[in-house]
Amino acid sequence: MPKLKTHRGAAKRFKTTGTGKVVRSKANASHILTSKTTKRKRNLRKSGLVDASDVKRIKKLIPYM
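About the cut-offs
- Residues numbered from 1 in each chain as written.
- Predicted model: local features only at pLDDT ≥ 70, side-chain atom pairs only at ≥ 80, totals over all residues.
- Heavy atoms only, no water.
- Helix = DSSP H or I, 4+ residues; strand = E, 2+ residues; numbered from the N terminus.
- Rg over C-alpha atoms; globule rule 2.2 N^0.38 Å.
- Buried < 20%, exposed > 50% of the residue type's maximum accessible area, 1.4 Å probe, protein only.
- Contact = heavy atoms within 4.5 Å.
- Core = buried A, V, L, I, M, F, W, Y, C linked by side-chain atoms within 4.5 Å.
- Salt bridge = Lys/Arg side-chain N within 4 Å of Asp/Glu carboxyl O.
- Pairing = 2+ DSSP bridges.
- Patch = residues over 30% accessible without salt bridge, like charges linked within 9 Å, V, L, I, M, F, W, Y side chains within 5 Å.
- Areas by Shrake-Rupley, 256 points an atom, 1.4 Å probe, with all protein chains shown as cover.
- Lys, Arg positive; Asp, Glu negative; His and termini not counted.
- Charge placed at Lys NZ, Arg CZ, Asp CG, Glu CD.

Visitor: Could you give an account of the overall build of the protein chain, naming the residues involved and the relevant values?
Guide: Counting secondary structure elements, the protein chain contains three helices and three strands. Secondary structure elements of the protein chain occur, N-terminal to C-terminal, as α-β-β-α-β-α. Against the 2.2 N^0.38 benchmark of 11 Å for 65 residues, the protein chain shows a C-alpha radius of gyration of 15 Å, more extended than a compact globule. Along the first, second and third principal axes, the C-alpha atoms of the protein chain reach 50 × 20 × 20 Å. Residue burial in the protein chain is summarised as follows: out of 65 residues, 18% are buried. Taking all contacts inside the protein chain whose residues are at least 6 apart in sequence as the whole, residues at least 24 apart take part in 60%.

Visitor: Tell me what's going on with the nonpolar core, and back it up with residues and numbers.
Guide: Ala-10, Ala-11, Phe-14, Val-22, Val-50, Val-55, Ile-58 and Ile-62 together form the largest nonpolar core, which totals eight residues. Of all elements in the fold, only helix 1 (8-13) and helix 3 (55-61) reach the threshold of two or more residues within this core. Contact partners of Val-50, with chain neighbours within four places excluded, come to Phe-14, Val-22, Arg-24, Val-55 and Ile-58.

Visitor: Break down the pattern of salt bridges for me, with residues and values.
Guide: Here the structure, examined in full by the defined rule, presents one salt bridge. Of the charged contacts, one joins Asp-54 and Arg-57 as a salt bridge, the two residues approaching to 3.1 Å between their closest N and O atoms. Residue class for Asp-54 comes out partly exposed when judged on its relative accessible area of 26%.

Visitor: Describe the pairing of strand 2 (residues 22-25), listing the residues and the values that go with them.
Guide: Where strand 1 (residues 14-16) and strand 2 come together, three bridges link them in antiparallel fashion. Bridging from a neighbouring strand, Thr-16 pairs with Val-22 of strand 2. The antiparallel hairpin formed by strand 1 and strand 2 contains five residues in its connecting segment, where Gly-20 sits at a positive phi of about 100 degrees. Bridge count for strand 2 against strand 3 (residues 47-49) is three bridges, and the pairing is antiparallel. For Val-23, the partnering residue across the bridge sits in strand 3 and is Leu-49.

Visitor: Which residues make up a positive patch on the surface, and what are the values?
Guide: Together, Arg-24, Lys-26, Lys-39, Arg-42, Arg-45 and Lys-46 make up a positively charged patch on the protein surface. With three residues, helix 2 (residues 38-45) is the largest single contributor of residues to the positive patch. Its location among the elements puts Lys-26 in the loop between strand 2 and helix 2.

Here it is, written out as structure tokens:
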């Protein structure tokens, strides 16, 4: 089997934890922030987990992470 290529776009967006879960950053935190509440912006800073239905797809894109 040849080596698999990592999808570089996915590699920049997702990381895997030690237990194998896939972590992502939350959307809507980059611009038009004046209309968003402080609480909402603070919660957007935290990372989130990828939904279980998408994990298999994401792991195919980042095989060595």
